[in-house]
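Below are the chains, spelled out letter by letter.
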Amino acid sequence: MKKYAIKVDDAACWGCRTCEVACRQELNLPDGVRLIKMEEKGPAMVNGKLDFFYKINLCRHCDEPLCMDACRDGAIYKREDSIVVMDYNKCTGCRLCIDACPYGSIDFDEDGGTAKKCNLCHERVDRGLIPACADNVCLAYCIHFGDPDGIAEKIEKQKLIRQGLSA
Amino acid sequence: MCHGGCGVLVYTKKGKVAKIAGDPGCPINHGTICSKAMASAQLAYHPDRLTHPVRRIGPKGSGKWERISWDQALDTIAGKILEYKESHGAESIVMGYGTGRENEAAIYRLANLLGSPNVLTAGHFCYGPRIATSIITCGSNPIVDYENHPKCIMVWGNNIVISNPDEYKGEGFSSSVEKGAKLIVVDPRLTRMAARADIWLKLRPGTDTALALGMLNVIINEKIYDRDFVENYVHGWEPFVKRVNEYPVDLVEKITWVPAGKIREAARLYATTKPAGIQWGVAIEQQINCADNDRILMALMGITGNIDAPGGQVLFNMPKIRNVGQFGAHKMLPKEQAAKRLGGDRFRLAGYFGIINPKCVWDAILEEKPYPVKMIFLISSNPVMTRANAREVYRALEKVKFLAVSDFFITPTAQLADIVLPAATWLEMDYIGDFWKRHGYILPRRKVIEVGECRPDHEMLNDLAHRIGQGEHWWKNFEGALDYILEPMGITWQDFKKMDYIRGEVKYYKYKEKGFSTPTKKFELYSTMLEKWGYDPLPKYVEPVESPVSTPDLFKDYPFILITGRRIPGYFHTENRQLPWMRGLSRDPIVEIHLDAARNAGIGEGDWVIIESPRGEIRQRAKLFAGMDERIVSAEHAWWFPENGSASHGWADSNINILTDNSYESCDPAMGATSVRTLLCRIKRDKNQGGNS
């Protein structure tokens, strides 16, 4: 079975936040609910240099999802392709998954009364498309979707090119 | 709505826009897109959008309107134009536009044919200076050739990854950096670009000319310039070198707060890495040194041999169409009317390019000097929010006899209008996109939807022109104008709309055959045009009118240098604060203050604070930020609160231009640019911690 993952190359991110809006456009999310979010890091001294960067926070689709274990309603399941899906029809809004997620990647929809998380646009993926945020939207091309090993390799390679160590 | 230029795909469902995505086939954005473009459907279908013309029925600012027909609206506006032309001359009627809807050429056409030399734009301090100074220096605006990936990029006063700086999209820049280009960033603030830079030059705001002169000093004295270019293609080398030698690096360090070693390092990296580009932007133009900042950066591009070099900065050819200058009918403005241009005698570089300084208009209304302005027609412009000294702007628009506005919403400026017309967004018009830009592309913008009675500005102006007796110079409908623009290529709009884009012929080093399109045919380091107009032909550094150096006593009372107008994702100047997706990105106006300065003032993260200048005070929310000198604060611009139920929409609460200065002495003497980025302020925690809306 093919595995899927999403990973943001934070070193390349410029903080344009287009991914956040692409997610909204795709899922028509209620105002205030954020499944992918830009967080500012720094300014802080790193190796003697003042650094400042952005970190994009979204569901990691963990190998052993703590949210899934925490859910009493069986609303969260991991697919064979690695995507961790939350079934909003089964969610009762107990918020245990929000407490269990170590990354703060699950949000709550006050109007709908359910938790909400990135389901990796699994309905798009099932039709051969890629998730909306990764679909060639932002200027940095920094959101990568696909085979987990392939992505890691791609990000590593890009790092070398950026540093002038590879063409 | 921004001034566009990205190829996009608009998906519709039952005649309504369902989704907006980037067009992977577009050579400008390669399928990438920004959040503003995606949110355009929220703009088009916003419940508060004005979808029919209205006439004000209460006092100005009362928010009382009644619906009228397009015929009533345009007949009233036409009647006023003819009335004031008769009674006070065409110069008493000011046309105006802001940044955004690509209506510039049509507005100039109407004004020029009317005989009014007064078109009020942002051109005095945004992009206009780049056009004016580049034309007098080298014939056109040198555009960074990202397609051929510069090996070194020097970003100067620009946040290209967040904003949409005219010819550029962030994607080309980002791709070049990802390919390993060396990066120099000149910015008082630590942006992500500055953090990634090989060299970050953290200068004192407003000292850009001095910094560039210091870098030139290094490049010239270390002889790392392009000798062939200097020997054969430059005008005024010797006096220029003499001027540059007045700025040794140690002196420049004192002026700019940038260590001499870093200035040398940056100068060497930029001059010896080929090809290199300078990504410049509006921050250097909103200062007293506006024109000289642009000229001095062009001097850097020129003497390092990067002008018209592949991967450097190219004077791109447009496709062979009728350009904005021709379409704008500037030659139809009678000489005696051009001589009446407001401020034309004072700001002579601006005046030559048909650009005026805004205060000249406010004075003509309030003081009736040198003659009264009776009517203003503002199309996509919100000067109450975006021009310096907002209270004066407000007083002038309150007093002007007749104000018409064309916009998407009843903005704070529109609240003072007599008639407001409902304007179309980019989704609702046929037009030739990027017609005015200098990157060499034009793109067909095809109409997708109609909303209410909203009309594109171009069509509205075409209609109005017929009603004021200009019919012979216009068309039955605006498609005729599009055909007229395209005619030299032998195609019509119907042909062009089936195409993806047209690009002008790409040629490098054109000057080696034809010289530069300047009076001397050379690259004018020494400007013969400025000399003719009575200005210093060589760039020099002038201290900002308000600064720790020029006004040390004032600095004791107002101990921070205030930068205004930091760009943030989602907004385009005053626009988009109604759109839930965009407002969700940034809820409140933010002023950045250094952690130590905040601690001393008892200001905590997220506190509402009062920012005060000698002109007035406003409130924004504090963000504690260690990425700049503790003597600097940086505030956002253009904030109003559409959700605020009052008719004023809180226009003065957080409006940074309440604080900015527009005195003539503070403006660039040639260009009339207002120095909205280099003023002094003080800041304190607000006793009232409630929000603004």
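Residues numbered from 1 in each chain as written. Chains lettered and ligands numbered in written order. Predicted model: local features only at pLDDT ≥ 70, side-chain atom pairs only at ≥ 80, totals over all residues. Heavy atoms only, no water.

In this structure the tally under the stated criterion is 34 aromatic pairs over all chains. With a centroid separation of 6.4 Å and an interplanar angle of 80 degrees, the aromatic rings of B:Y431 and B:F435 are classed as edge-to-face. Of the aromatic side chains, those joined through ring pairs into one cluster are B:F327, B:Y431, B:F435, B:W474, B:W475, B:F478 and B:Y484. Geometry around A:F108 places A:R95 over its ring, the cationic atom sitting 3.6 Å from the centre. (Phe/Tyr/Trp six-rings, centres within 6.5 Å; stacked < 30°, edge-to-face > 60°. Lys NZ or Arg CZ within 6 Å of the ring centre and 35° of its normal.)

Glancing now at the interface of chain A and chain B. On the side of chain B, 40 residues touch chain A, which itself brings 34 residues to the contact. Both sides of the chain A and chain B interface together cover about 3,100 Å² of buried area, and 55% of this is carbon and sulfur. The interface formed by chain A and chain B contains four salt bridges. Taking the shortest distance from any N to any O, the salt bridge between B:K19 and A:E26 comes out at 3.8 Å. Counting every contact that joins chain A to chain B gives 14 residue pairs in polar contact (both at pLDDT 80 or more). Per-element tally for the side of chain A that touches chain B: the top contributor is helix α1 (residues 18–27) of chain A, with seven residues. Grouping the amino acids of the side of chain A that touches chain B by side-chain chemistry returns 18 nonpolar, five polar and eleven charged. (Contact = heavy atoms within 4.5 Å. Buried area = accessible area lost by both parts, 1.4 Å probe. Salt bridge = Lys/Arg side-chain N within 4 Å of Asp/Glu carboxyl O. Polar contact = N/O pair within 3.5 Å; in protein donor to acceptor, adjacent residues only side chain to side chain. Helix = DSSP H or I, 4+ residues; strand = E, 2+ residues; numbered from the N terminus. Nonpolar A, V, L, I, M, F, W, Y, C, P; charged D, E, K, R; others polar.)

To describe two helices that pack against each other, one gives the angle between their axes and the distance between the axes. All names here are of chain B. The interhelical angle for the contact between helix α8 (residues 208–221) and helix α10 (residues 237–244), taken along N-to-C directions, is 115 degrees, at an axis separation of 9 Å. Note on packing geometry: the crossing formed by α8 with α10 is left-handed. Contacts between α8 and α10 involve L213, L216, N217 and I220 from the former and W237, F240, V241 and V244 from the latter. Its residues assigned to classes, the contact of α8 with α10 shows seven nonpolar, one polar and no charged. (Axes fitted to C-alpha atoms, helices over the stretch in contact; angles between N-to-C directions. Left-handed = near helix turned anticlockwise from the far one by under 90°.)

Another aspect to go through is the sheet that holds strand β18 (residues 441–445) of chain B. Spatial ordering of the open sheet is given by β17-β18-β19 (chain B), a layout of three strands whose pairing is antiparallel. Each end of this open sheet is capped by a strand with a single partner; those strands are β17 (431–433) and β19 (502–503) of chain B. (Pairing = 2+ DSSP bridges.)

What follows is about α10(B). All names here are of chain B. Every buried residue of α10 is listed here: W237, F240, V241, R243 and V244. Projected onto a plane normal to the axis of α10, the buried residues spread over an arc of 160 degrees and lie on a single side. Along α10, the residues that are exposed and aim more than 90 degrees away from the buried face are E238 and K242. Its buried side turned inward, α10 meets α8, α9 (227–233), β11 (234–235) and α13 (290–303). (Buried < 20%, exposed > 50% of the residue type's maximum accessible area, 1.4 Å probe, protein only. Arc of directions from axis to C-beta.)

Now for the sheet that holds strand β21 (residues 560–564) of chain B. Remark on secondary structure: sheet strands pair via backbone hydrogen bonds, oriented parallel or antiparallel. Residues and elements named next belong to chain B. Pairing within the closed barrel is mixed, and its six strands lie in the order β21-β25-β22-β24-β23-β26. Each neighbouring strand pair of the sheet contributes to a mean axis angle of 45 degrees, computed without reference to strand direction. Note: strand β22 (residues 590–593) against strand β24 (residues 616–624), four bridges, orientation parallel. In the strand pairing of β24, I593 is matched with L624.

Okay, the environment of B:N159 next. Residues and elements named next belong to chain B. Residue position: N159 is located in the loop between β8 (152–156) and α6 (170–178). For N159, a relative accessible area of 16% translates into the label buried. A C-alpha to C-alpha distance of 12 Å links N159 and P188, two positions 29 residues apart in sequence. The contacts of N159, once residues within four sequence positions are left out, are M193 and R567.

All names here are of chain A. Assignment of secondary structure puts D109 in strand β6 (residues 107–109). We classify D109 as buried; its relative accessible area is 5%. In this structure D109 touches P30, V33, T114 and K116, once residues within four positions along its chain are discounted.

Right, let's talk about the pairing of strand β2 (residues 36–46) of chain A for a bit. All names here are of chain A. The sheet contact formed by β2 and strand β3 (residues 49–58) spans nine bridges and is antiparallel. Bridging from a neighbouring strand, K37 pairs with N57 of β3. Between β2 and the antiparallel strand that follows it, β3, lie two residues; N47 among them carries a positive phi value of about 50 degrees.

Once that is clear, we can look at the pairing of strand β8 (residues 143–146) of chain A. Residue and element names in this part refer to chain A. Residues of β8 alternate between two faces, with I143 and F145 on one and H144 and G146 on the opposite face, all of them buried. In terms of strand pairing, strand β1 (residues 5–8) meets β8 through four bridges, oriented antiparallel. Note on β8: the bridge partner recorded for K7 is H144.

A few words on the side chain of B:D661. Residues and elements named next belong to chain B. Residue placement: D661 occurs in the loop between β25 (632–635) and β26 (679–685). R615 provides the closest opposite charge to the buried, salt-bridge-free D661, at an N-O distance of 4.3 Å. At 2.9 Å, the side chain of D661 and the backbone nitrogen of S663 are in polar contact. (Lys, Arg positive; Asp, Glu negative; His and termini not counted.)

Right, let's get into unusual backbone geometry. Residue and element names in this part refer to chain B. K274 connects to P275 through a cis peptide bond whose omega is -10 degrees. Its place among the elements puts P275 in the loop between α12 (260–272) and β12 (276–280). A cis amide bond, omega 0 degrees, links K369 with the succeeding residue P370. Of note in this structure, A329 is not a glycine but carries a positive phi near 55 degrees. In this structure, D434 is a non-glycine residue whose phi angle is positive, near 65 degrees. With respect to the helices and strands, D434 occurs in the loop between β17 and β18.

Residues and elements named next belong to chain B. Under the counting rule described, the total for this entry stands at zero disulfides over all chains. Left unpaired, C26 is separated from the closest cysteine sulfur, that of C6, by 7.1 Å. We note that C138 lacks a disulfide partner, and the nearest cysteine sulfur, in C290, lies 16 Å from it. (Disulfide = S-S within 2.5 Å.)

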